[in-house]
Amino acid sequence: MPSLKAPPLVAAPSSPCPSRLQPLQICPGELALEDPAPRATTPDGRRKGPEDWTRHPVTIGTGATIGAAAIIAPGVTVGPHVLVALGAVVMRDVPAHGLVIGNPARQVGWVCRCGHTLDAALRCTTCPRTNRRDGDELAADHQPVPLE
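Residues numbered from 1 in each chain as written. Predicted model: local features only at pLDDT ≥ 70, side-chain atom pairs only at ≥ 80, totals over all residues. Heavy atoms only, no water.

Break down the nonpolar core for me, citing the residues and quoting the values.
In this structure, Ile 60, Ile 66, Ile 72, Val 78, Val 84 and Val 90 are the most contacted members of the largest nonpolar core, which totals 18 residues. Apart from residues lying up to four places away in sequence, Val 90 is in contact with Ile 71, Ile 72, Ala 73, Val 76, Val 84, Val 100 and Ala 105. One finds Cys 112, Leu 118, Cys 124 and Leu 138 within the second-largest nonpolar core, a separate group that totals seven residues. (Core = buried A, V, L, I, M, F, W, Y, C linked by side-chain atoms within 4.5 Å. Buried < 20%, exposed > 50% of the residue type's maximum accessible area, 1.4 Å probe, protein only. Contact = heavy atoms within 4.5 Å.)

And the structure:
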């Protein structure tokens, strides 16, 4: 019996190794899926080939961390400096600096560029960076305040 090859999985568009292009961390067991309708055969029953599916690549932003065993659905954009928790199933785009957990993943907070969570005032609890809301996104303030 001939072996079947699954479509390739990539974590950034047109890149077999995204970490060579931008600094990010993808932990073991992470899956970035590209095929929104995975099937081994076409509707007429013949085995699918490369021409029978359309890529919907996952995009992962600079500085993002994808936890072990996380799954990212086809076509999802994970913004810069996002933290995806262990085992999260990401079905929707995640804004820059978002912290997402669960199945399905939901945003529960914000993270700093240094990787630590932000407090209610959007200040980092570890470094002197401060942030502000800009619509549904998070933007860095220009003047960091010292930690007290």
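Any chance you could break down the pattern of salt bridges for me, citing the residues and the numbers?
In this structure the tally under the stated criterion is four salt bridges. With a shortest N-O distance of 2.8 Å, Arg 55 and Glu 34 are connected by a salt bridge. With a gap of 21 residues between them, Arg 55 in the loop between β2 (31-32) and β3 (59-60) and Glu 34 in the loop between β2 and β3 connect regions that are remote in the sequence. In this structure, the salt-bridge partner of Arg 123 is Asp 119, at a minimum N-O distance of 3.3 Å. Look at Arg 123 and you get partly exposed, because its relative accessible area is 35%. (Salt bridge = Lys/Arg side-chain N within 4 Å of Asp/Glu carboxyl O. Helix = DSSP H or I, 4+ residues; strand = E, 2+ residues; numbered from the N terminus.)

Please give an account of the side chain of His 97 that cites residues and values.
Turning to its location among the elements, His 97 is positioned in the loop between β8 (89-90) and β9 (98-101). Of the residues examined, His 97 reaches a relative accessible area of 10% and is grouped as buried. Every residue in contact with His 97, bar those within four places of it in the chain, is listed here: Pro 80, His 81, Val 82, Gly 109, Trp 110, Val 111, Cys 112, Arg 113 and Leu 138.

A description of the pairing of strand β12 (residues 137-140) should follow, citing residues and the corresponding values.
Sheet analysis places strand β11 (residues 131-134) next to β12, joined by four bridges and oriented antiparallel. Paired with Asn 131 across the strands is Ala 140, a residue of β12. The hairpin turn running from β11 into β12, its antiparallel successor, is two residues long, and Gly 135 in that turn takes a positive phi close to 70°. (Pairing = 2+ DSSP bridges.)

I'd love a proper account of unusual backbone geometry, names of residues and values included.
Backbone torsion omega between Asn 103 and Pro 104 reads -5°, so that peptide bond is classified as cis. Positionally, Pro 104 belongs in the loop between β9 and β10 (106-110). Backbone geometry at His 97 places phi at a positive 70°, although glycine is not the residue there. Positive phi, close to 65°, is recorded for Leu 122, a residue that is not glycine. Tracing the backbone through its elements, the reader meets Leu 122 in the loop between β10 and β11. The buried category is assigned to Leu 122, whose relative accessible area is 11%.

For the side chain of Glu 30, give the residues involved together with the corresponding values.
Assignment of secondary structure puts Glu 30 in the loop between β1 (25-26) and β2. The charged side chain of Glu 30 is buried without a salt bridge, its nearest counter-charge being Arg 55 at 13 Å. Setting aside chain neighbours within four positions, we find Glu 30 in contact with Ile 66, Gly 67, Ala 69, Ala 70 and Ile 72. (Lys, Arg positive; Asp, Glu negative; His and termini not counted.)

Give a detailed account of the state of the cysteines, specifying residues and quantitative values.
Summed over all chains, the structure comprises zero disulfides. Summary of cysteine pairing: Cys 112 is not part of a disulfide, and the nearest cysteine sulfur, belonging to Cys 127, is at 3.5 Å. Judged by relative accessible area, which is 12%, Cys 127 ranks as buried. (Disulfide = S-S within 2.5 Å.)

Describe the sheet that holds β9, naming the residues involved and giving the relevant values.
Read across the open sheet, the five strands follow the order β1-β4-β7-β9-β10; overall the sheet is mixed. Of all the strands in the sheet, the pair left with one neighbour each is β1 and β10. Direction of pairing for strand β4 (residues 65-66) relative to strand β7 (residues 83-84): parallel, over a ladder of two bridges. Residue pairing in the sheet places Ile 66 in a bridge with Val 84 of β7.

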